Amino acid sequence: MGRRNKGYIFVEEKKKGPGLGCLVFLVLLIAGLVAAGAMINSGYNRRVQLENASVNVFSLDRAYEGFTVLSISDLHASQLGSDLALWKDLLNGKSYKAVVITGDMVGKTGEYEPLLSLIHNLKQINATAPIYFIAGDQDPSPVLTTNRGTPQVLAKWVLAAQEQGAIYLDSPQQLQVGKKKVWFTPQYLYDVDVEGMLGSLNNQKADMEAQGMPYDPVGGATYRALCYRIEVMERTRIAMREMTSQDLQIAVNHSPLDTDYIRESLQWSEEVHPFSFRNIDLLICGDLCGGGWRLPGGSAIYVEGHGWLPGDEGIVGMQRINSLNQYIAPGLGAPAGQFPPGRVFNPPAVTLIKFTAKLE
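Residues numbered from 1 in each chain as written. Predicted model: local features only at pLDDT ≥ 70, side-chain atom pairs only at ≥ 80, totals over all residues. Heavy atoms only, no water.

### A word on empty space enclosed by the protein
Formally: Definitions used for this entry: grid spacing 1 Å over protein atoms alone; cavity, a set of points where a 1.4 Å probe fits but cannot get out; pocket, an open set with protein on both sides within 12 Å along at least 5 of 7 lines; lining residue, one with an atom within 4 Å of a point. Grid points are joined across faces, edges and corners, and a volume is the space filled by probe spheres set on the points.
Taken as a whole and judged by the stated rule, the model has one cavity of 30 Å³ or more. Approximately 40 Å³ is the volume attributed to the largest cavity.

What follows is the structure, encoded as structure tokens:
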């Protein structure tokens, strides 16, 4: 049998692969790229951007032209709130008449010092702008309904924020703008029959009093929470009587409202009273944090309930659904429950929202 190179002709020589050195180089290259990307993204996340948005209102009264609010959301107890220099660089010289905080500022940890620091810093920069805040779904419950050894109804973090100078938005709040008024209102109140709710709550209160629950260690907390709800509804009823069709109405909610809900609410809403879903000039929300992880210069990668690469509609920014303007804040933290957590190619941001009758 013939031989070739001292071997049988049917025995093939093994081809040499890339070698261990090449594999090590490739692994190190990938690790370096990942580390560089992480460093760049970390730099993104340490900076807060100031965005601008306009809300166009048909036949806007001239007194409201240029009226601006600062929208902040989803701090999640980040130390970003404590950096006075950051907020001064961002907001010094900027004109706004109010601050609207749309929840998840404390987060599940219950650590509210960063929120208090943020409120303090905002007051240092613009002492005349009221700061309105609501709770998010990741914040500790703002209202105590169980016995916790205190007669207080509102949670410690809410009371502390109030003591720092912020206004807990549990009922419509009025802001005077010249001779005109702007109302800031929790969105859910537009869905409530206030008179009917008051009747129901007062009946519950009478039943609890008949059972002696105000004096019970456990039932007393529930009774105090019920009295607080009655007080909220009474304040809402008073505000409704003061509202006029010429007032500007800003609704505040933590989570964005979906398109079907908005359209159905507009369809069934009555226009006989100024306090109506149809008369909301702007709804400010938060919660989604722009989707958390985003493609460079592009869409969110995945958002629960919205799917993969959903675009920005219903995720972040200004949207107009029928006659309703909804602004979804980009937020300062990451969406709750997201895995992996964090923000990627999605720097934290707050927004100046300006009212105008001009088409821009």
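On we go.
### Quick look at the pattern of salt bridges
Defined as follows: The term salt bridge refers to a pairing of a side-chain nitrogen on Lys or Arg with a carboxyl oxygen on Asp or Glu at a separation within 4 Å. Put simply, DSSP marks the helices as runs of H or I at least four residues long and the strands as runs of E at least two long, and each gets a number from the N terminus on. The cut-offs for exposure are 20% and 50% of the maximum accessible area for each residue type, with area from a 1.4 Å probe on protein chains only; residues under the lower value are buried, those over the upper are exposed, and the others partly exposed.
All chains considered together, the criterion is met by six salt bridges. A salt bridge links Lys205 to Glu209, with the shortest nitrogen-to-oxygen separation between them at 3.1 Å. Here Glu209 and Lys205 lie together in helix H5 (residues 194-210), a separation of four residues that amounts to about one turn. Take Lys205: its relative accessible area is 24%, and that puts it in the partly exposed class. In this structure, Arg235 engages Glu231 in a salt bridge whose closest nitrogen and oxygen atoms are separated by 3.4 Å. You can see Arg235 and its partner Glu231 sitting in helix H6 (residues 219-242), four residues apart, about one turn around the helix. Several salt bridges share partner residues, and in doing so they unite Asp170, Glu231 and Arg235 into one network.

### Some thoughts on the side chain of Arg343
What counts, and what does not: Whenever a nitrogen or oxygen atom comes within 3.5 Å of another N or O atom, the pair is scored as a polar contact, on the condition that within protein one atom can donate a hydrogen and the other can accept it, and that pairs from neighbouring residues in sequence are kept only if both atoms are in side chains.
Position of Arg343 among the secondary structure elements: in the loop between strand S15 (324-328) and strand S16 (349-356). A polar atom in the side chain of Arg343 sits 3.2 Å from the backbone oxygen of Pro330. A polar side-chain atom of Arg343 sits 3.2 Å from the main-chain carbonyl oxygen of Pro347.

### Side note on the layout of surface pockets
We count it as follows: Here the nonpolar group is Ala, Val, Leu, Ile, Met, Phe, Trp, Tyr, Cys and Pro; Asp, Glu, Lys and Arg are the charged ones; every other residue, Gly included, is treated as polar.
Put simply, the largest pocket is a space of about 660 Å³. Surrounding the largest pocket, 30 residues form its lining, Leu288, Val303, Glu304, Gly305 and His306 being those nearest its centre. Of all the secondary structure elements, the ones that give two or more residues to the lining of the largest pocket are strand S12 (302-303), strand S14 (317-321) and S15. A class-by-class count of the residues in the lining of the largest pocket yields 14 nonpolar, eleven polar and five charged. Taken as a whole, the second largest pocket holds about 470 Å³ of empty space. Lining the second largest pocket are 23 residues; nearest its centre among them are Val57, Phe58, Ser245, Asn279 and Asp281.

### Examining the confidence of the model for the protein
Applied cut-off: A residue's pLDDT is simply how confident the predictor is in it, with values from 0 to 100. We call two residues contacting when some pair of their heavy atoms lies within 4.5 Å.
Summing up the model confidence of the protein, the mean pLDDT is 89 and the portion of residues at 70 or higher is 87%. Long-range and interchain partners of residues 1-5, a stretch whose pLDDT sits below 50, account for seven contacts in this model, where long-range means more than four residues apart. Contacts for the low-pLDDT stretch residues 7-11, under 50 throughout, to residues beyond four places or in other chains number six contacts.

### Details of helix H4 (residues 156-163)
Note the threshold: The directions from the helix axis to the C-beta atoms are what the arc is built from.
Those residues of H4 lying buried are Trp157, Val158, Ala160 and Ala161. For H4, the angular spread of the buried residues around the axis is 165 degrees, confining them to a single face. Looking at H4, the residues exposed on the side facing more than 90 degrees away from the buried face are Lys156 and Glu163. Those residues of H4 that are buried lie in contact with helix H3 (113-125), strand S6 (131-133) and strand S7 (167-168).

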